[in-house]
Amino acid sequence: AEVLIVRSQEEAGSIVARSIADLIVSRPDAVLGLATGSTPLAVYAALAQIIEAEGIDVSGVRGFALDEYVGLPQGHPESYRAVITREVVEPLGLDPAKVLVPGENATSIQTAGEDYEAAIAAAGGVDVQILGIGRTGHIGFNEPGSSLASHTRVKTLAEATKRDNARFFDSPDDVPIHCITQGIGTILRARHLFLLAFGAAKAEAIAAALEGPVSASSPGSAVQLHPHATVLVDEDAATDLR
Ligand code: F6R
C-alpha cells in the first residue's frame, strides 16, 4: 500500500476528497463505498465543500454503505442509514435513492447479504472504498477471525467494538449485538481503497495491518492483498510503524 503520513484529519480529508471529486467529474455515475464512524467525517466535509465550490454534478453518483447495525428501531439516529443521510447524502447533495445500506428493506436477513452483493455487482462494483479501522483491527465490522474471502453477512459485534461504539448511544446496553457488514472479500473487490486512521489508539491496528502478516486475525492486513490501496494516517496512528 501507499502510505501517507498527514499532519491532520483535515489534510487527509482534503487529499481523499480531491481524489473522489476528480473521479466524479470523470465518471458521473461513480460508485462510492461509504464508511461511517468518526474517521471519514473530514473526507465528507471536504468533499461537500469541493462539490459546492466547483458546482460538480453528483446526481448520478451511487453509494454503498460498508455496514449497518441489526436490530435498532427503524429511524434510530445512530443507525448507519441515519448517519449516512446526515453526514453524506444531505451535505453532498446525493440522490438518496442511489445510496444503499446493507440489510435495509431486506425480505429476509438470511438473504440480505447476497442481495447486497448482487446490488454492488449490478452497479458495476465499487470504484473507491473509504475505510476506517477499529482498535481490534476490524475493517467494516469484520472482526478478527473473519475470512479474508468473506461476503456481506450478519455478524456479532466484538465486545471491544461495542464498548468503543457505546459513545454514540445513551447507554452501553443500547449498542446492538449484531450487524451486517460487507465482507473482506467484498472490500477487496473495490477498485481503490482509502484506509484512514487517526490517533494513538489506532497505532497498533495500523502496524498490524500494514506490517504484520496477512491474516484473518488482523482483518486490516487484507489491504496488503489489494493492488491499489492508499493509507492516510496521522503521526500518532503511525507511531508503531517501522
Ligand atoms: C464504520 C466501520 C468501522 C469503523 C471503525 C473505526 O462503517 O465499518 O470499521 O471504520 O470502527 O471507527 P471510528 O472511525 O469511529 O474510529
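Residues numbered from 1 in each chain as written. Predicted model: local features only at pLDDT ≥ 70, side-chain atom pairs only at ≥ 80, totals over all residues.

Named according to an unreviewed UniProt entry, the protein is Glucosamine-6-phosphate deaminase originating from Microbacterium koreense. The UniProt entry for the protein carries the following comment under Sequence similarities (unreviewed entry): "Belongs to the glucosamine/galactosamine-6-phosphate isomerase family. NagB subfamily." As its UniProt record puts it under Pathway (unreviewed entry), the protein is described as follows: "Amino-sugar metabolism; N-acetylneuraminate degradation; D-fructose 6-phosphate from N-acetylneuraminate: step 5/5." (UniProt positions renumbered as here; feature names shortened; annotations may be inferred.)

Asker: Is there a simple way to explain the overall build of the protein in this structure?
Answerer: Summing up its helical and strand segments, the protein has seven helices and 10 strands in all. On C-alpha atoms alone, the protein measures out to a radius of gyration of 17 Å, which is about the 18 Å that the 2.2 N^0.38 rule sets for 242 residues. With 242 residues in all, the protein has 45% of them scored as buried. Look at the contacts in the protein between residues 6 or more apart in sequence, and 80% of them connect residues 24 or more apart. (Helix = DSSP H or I, 4+ residues; strand = E, 2+ residues; numbered from the N terminus. Rg over C-alpha atoms; globule rule 2.2 N^0.38 Å. Buried ≥ 20, exposed ≤ 12 C-beta atoms within 10 Å, placed from the backbone. Contact = placed C-beta atoms within 7 Å.)

Asker: What is the right way to read the sheet that holds strand S2 (residues 31-34) from this model?
Answerer: Across a sheet, strands are paired by hydrogen bonds formed along the backbone, either parallel or antiparallel in direction. As summarised here, the arrangement of the seven strands in space is S1-S10-S9-S6-S2-S3-S5, forming an open sheet in which the pairing is parallel. If you trace the sheet from one side to the other, it starts and ends with strand S1 (2-6) and strand S5 (99-100), each paired once. Both S2 and strand S6 (residues 128-131) contribute to a ladder of two bridges, which runs parallel. Paired with Gly33 across the bridge in S6 is Gln129. Contacts from helix H1 (residues 9-26) reach S1, S2, S6, strand S9 (192-197) and strand S10 (229-234) within the one sheet, and its direction differs from that of S10 by about 155 degrees. (Pairing = 2+ DSSP bridges. Axes fitted to C-alpha atoms, helices over the stretch in contact; angles between N-to-C directions.)

Asker: Explain unusual backbone geometry here, please?
Answerer: Negative phi characterises most residues that are not glycine, and trans characterises most peptide bonds. Positive phi is not limited to glycine here, since Asn105 has a value of about 55 degrees. Mapped onto the elements, Asn105 comes out in the loop between S5 and helix H4 (109-122). Accessibility expressed as a C-beta count within 10 Å gives 8 for Asn105, which makes it exposed.

Asker: Please explain the UniProt feature "active site" (unreviewed entry) in the protein as it appears in this structure.
Answerer: Per the UniProt record, the feature "active site" (unreviewed entry) sits at Asp67, His138 and Glu143. In three dimensions, the annotated residues from a span of 77 residues occupy one location, with a maximal C-alpha spread of 12.5 Å. Here Asp67 is to be found in strand S4 (residues 67-70). Take Asp67: there are 25 C-beta atoms within 10 Å of it, and that puts it in the buried class. When near neighbours in sequence (up to four residues on either side) are disregarded, Asp67 contacts Tyr80, Pro102, Gly140, Phe141, Cys179, Ile180, Thr181 and Gln182. Here Glu143 shows up in the loop between S6 and strand S7 (153-156). What Glu143 contacts, discounting residues up to four positions off in sequence, is Thr136, His138, Lys155, Ala158 and Thr161.

Asker: In this structure, what is going on with the site of the ligand? I would like to understand it.
Answerer: The environment of the ligand is formed by 14 residues, the closest being Gly37, Ser38, Thr39, Gly132 and Gly134. Of the residues that constitute the shell around the ligand, the class distribution is five nonpolar, eight polar and one charged. (Near = placed C-beta within 6 Å. Nonpolar A, V, L, I, M, F, W, Y, C, P; charged D, E, K, R; others polar.)

Asker: What is the right way to read the sheet that holds S7 from this model?
Answerer: Taken in spatial order, the three strands of this open sheet run S4-S8-S7, and their pairing is antiparallel. Each end of this open sheet is capped by a strand with a single partner; those strands are S4 and S7. Within this sheet the neighbouring strands show an average axis-to-axis angle of 30 degrees, counted without direction. In terms of strand pairing, S7 meets strand S8 (residues 178-181) through four bridges, oriented antiparallel. By the bridge assignment, Val154 is partnered in S8 with Ile180.

Asker: When you look at the UniProt feature "domain: Glucosamine/galactosamine-6-phosphate isomerase" (unreviewed entry) in the protein in this model, what are you seeing that I'm missing?
Answerer: Here, UniProt's "domain: Glucosamine/galactosamine-6-phosphate isomerase" (unreviewed entry) annotation points to residues 11-225. Split by type, residues 11-225 is 36% helix and 15% strand. Its first and last C-alpha atoms lie 26 Å apart.

Asker: Any chance you could explain the packing of H1 against helix H2 (residues 41-54) here in plain terms?
Answerer: Two quantities define a packed helix pair, namely the angle between the helix axes and the distance between the axes. Interhelical geometry of H1 versus H2 gives an angle of 50 degrees and a closest axis separation of 7 Å. Here H1 is positioned oblique relative to H2, judged by the angle of their axes. When you trace H1 past H2, the crossing you get is right-handed. Here H1 contributes Gln9, Glu10, Ala12, Gly13, Ser14, Val16, Ala17, Arg18, Ile20 and Ala21 to the contact with H2, which in turn contributes Ala42, Val43, Ala45, Ala46, Leu47, Ile50 and Ile51. A class-by-class count of the residues in the contact of H1 with H2 yields 12 nonpolar, three polar and two charged. (Parallel < 35°, antiparallel > 145°, perpendicular 65-115°, else oblique. Left-handed = near helix turned anticlockwise from the far one by under 90°.)

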